[in-house]
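What the coordinates show
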Amino acid sequence: MSTTFEDQDLGGAEFTNSNLSAAKFDDINLANARFINVNLSAANFEDINLSGTVFKNIDLTNVTIQDANYEGMRIDGILVTELLTAHGKRLA
């Protein structure tokens, strides 16, 4: 079954116990959206703005991050830019 929503205002919509597997989201505003108990395994994120986003209790097993801006990003309170700088110095 396939449903297409185009040029729709679904602000404030709530999806509960819903199957959105293989759904495609293009040019979508999800600012202030909340994702709780969501399975995004094998999802693909491209050209995404996650500034100011908080990730909590996340499984990042085998996640790959490429071509990202890490300014101000922290993992467990540690600046990622500092980790990358330290790692680069260790490899030199």
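Residues numbered from 1 in each chain as written. Predicted model: local features only at pLDDT ≥ 70, side-chain atom pairs only at ≥ 80, totals over all residues. Heavy atoms only, no water.

1. Overview of the overall build of the protein chain
Rules: Numbering of helices and strands starts at the N terminus; helices are DSSP runs of H or I of at least 4 residues and strands are runs of E of at least 2. Radius of gyration means the value over C-alpha atoms here, while the globule rule gives 2.2 Å times the residue count to the 0.38 power. Using a 1.4 Å probe on the protein chains alone, a residue whose accessible area is under 20% of its type maximum counts as buried, one over 50% counts as exposed, and one in between counts as partly exposed. In this description, accessible areas are obtained by the Shrake-Rupley approach with a 1.4 Å probe, and a residue is regarded as covered only by the protein chains that are shown. Two residue types count as positive, namely Lys and Arg, and two as negative, namely Asp and Glu; His and chain ends fall outside the count. Charge placement uses NZ in Lys and CZ in Arg. For Asp and Glu, CG and CD serve respectively.
The secondary structure content of the protein chain amounts to one helix and two strands. Element order for the protein chain, N to C, with α for helix and β for strand: β-β-α. Taking 12 Å as the expected radius of gyration for a compact globule of 92 residues, we find that the protein chain reaches 17 Å, considerably beyond that expectation. Structurally, the protein chain occupies a C-alpha span of about 55 × 25 × 25 Å along its principal axes. By the burial criterion, 2% of the 92 residues in the protein chain qualify as buried. In the structure as shown, the protein chain presents an accessible area of about 9900 Å², 48% of it carried by carbon and sulfur atoms. Positive and negative side-chain charges in the protein chain, numbering 6 and 13 respectively, have mean positions lying 14 Å apart.

2. Looking at the environment of Arg34
Positionally, Arg34 belongs in the segment before β1 (74–75). Placed 36 residues apart in sequence, Arg34 and Tyr70 show a C-alpha to C-alpha distance of 22 Å.

3. What about the environment of Thr3?
Topologically, Thr3 is positioned in the segment before β1. Taking C-alpha positions, Thr3 is 9.5 Å from Ala23, a pair spaced 20 residues apart along the chain.

4. Side note on the confidence of the model for the protein chain
Note the following rule: A residue's pLDDT is the predictor's confidence in that residue, given on a scale from 0 to 100.
On average, residues of the protein chain carry a pLDDT of 93, and 99% of them reach 70 or more. Ranking the elements of the protein chain by mean pLDDT puts β1 last, at 94, and strand β2 (residues 78–79) first, at 96.

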